[in-house]
Structure formats: structure tokens, C-alpha cells
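These are the residues of each chain, in order.
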Amino acid sequence: MMWLVVGGPLVVVVASLITVWIAVRNADTVLPREAAPARVAQPLDALSAQERLQVEKAVLPAGQARNHVVSPTLPRER
């Protein structure tokens, strides 16, 4: 009976220690600010048709994922 009372919290403590160990061991490195220059958003009106198409293609996966979250049905084939 004692192991039922002590076992649950003990398993949780051991699992949390293992999780902390994995997180510390596989931590991502922080990139310096110079590594990726910040991009300034430009108004779409100032872009040419070709540049606007490239911008829209660049954000297409994010837009599809956002729309899928809002309505989780599959899109119809065109």
C-alpha cells in the first residue's frame, strides 16, 4: 500500500529529472543578432506583380496551415 502512495510521485519526479536532463543536453544554440538580418515588411502596393507573387508564394504554407486550423476539413481539389 505504501508503494501506491509513494510510487506515483516518485515516478513523476524521476520523469521530470529525465526531461530536464534531455532539455539541457539538447539545448538549441542562440544565434547572434548579426546571423539573420531583420526583414522590413514592405507594402504590397509598392511591389511589382512578379515580386508580389513571390511574396504570396512565400507565405502560402503558413496561410494554408492557419486556414486548416480554423476549418479542419480538407480543401476541394481544383
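Residues numbered from 1 in each chain as written. Predicted model: local features only at pLDDT ≥ 70, side-chain atom pairs only at ≥ 80, totals over all residues. Heavy atoms only, no water.

A. Spatial organisation of the overall build of the protein chain. Secondary structure assignment for the protein chain yields three helices and zero strands. For the protein chain, the N- to C-terminal ordering of α and β elements is α-α-α. Counting across all 78 residues of the protein chain, residues that qualify as buried make up 4%. By element, 65% of the accessible surface of the protein chain is carried by carbon and sulfur atoms, the whole surface being about 8,000 Å². (Helix = DSSP H or I, 4+ residues; strand = E, 2+ residues; numbered from the N terminus. Buried < 20%, exposed > 50% of the residue type's maximum accessible area, 1.4 Å probe, protein only. Areas by Shrake-Rupley, 256 points an atom, 1.4 Å probe, with all protein chains shown as cover.)

B. Representation of the confidence of the model for the protein chain in the model. For the protein chain, per-residue confidence averages 80 on the pLDDT scale, and 79% of positions sit at 70 or higher. Within the protein chain, the element-level pLDDT minimum falls on helix H3 (residues 60-70), averaging 74, and the maximum on helix H1 (residues 2-25), averaging 94. (pLDDT = per-residue confidence, 0-100.)

C. A look at H1. Taking 1.5 Å as the rise per residue, H1 with 24 residues should run 34 Å; its terminal C-alpha atoms sit 34 Å apart, in good agreement. The buried fraction of H1 is low, at one of 24 residues. (Expected span 1.5 Å × (residues − 1).)

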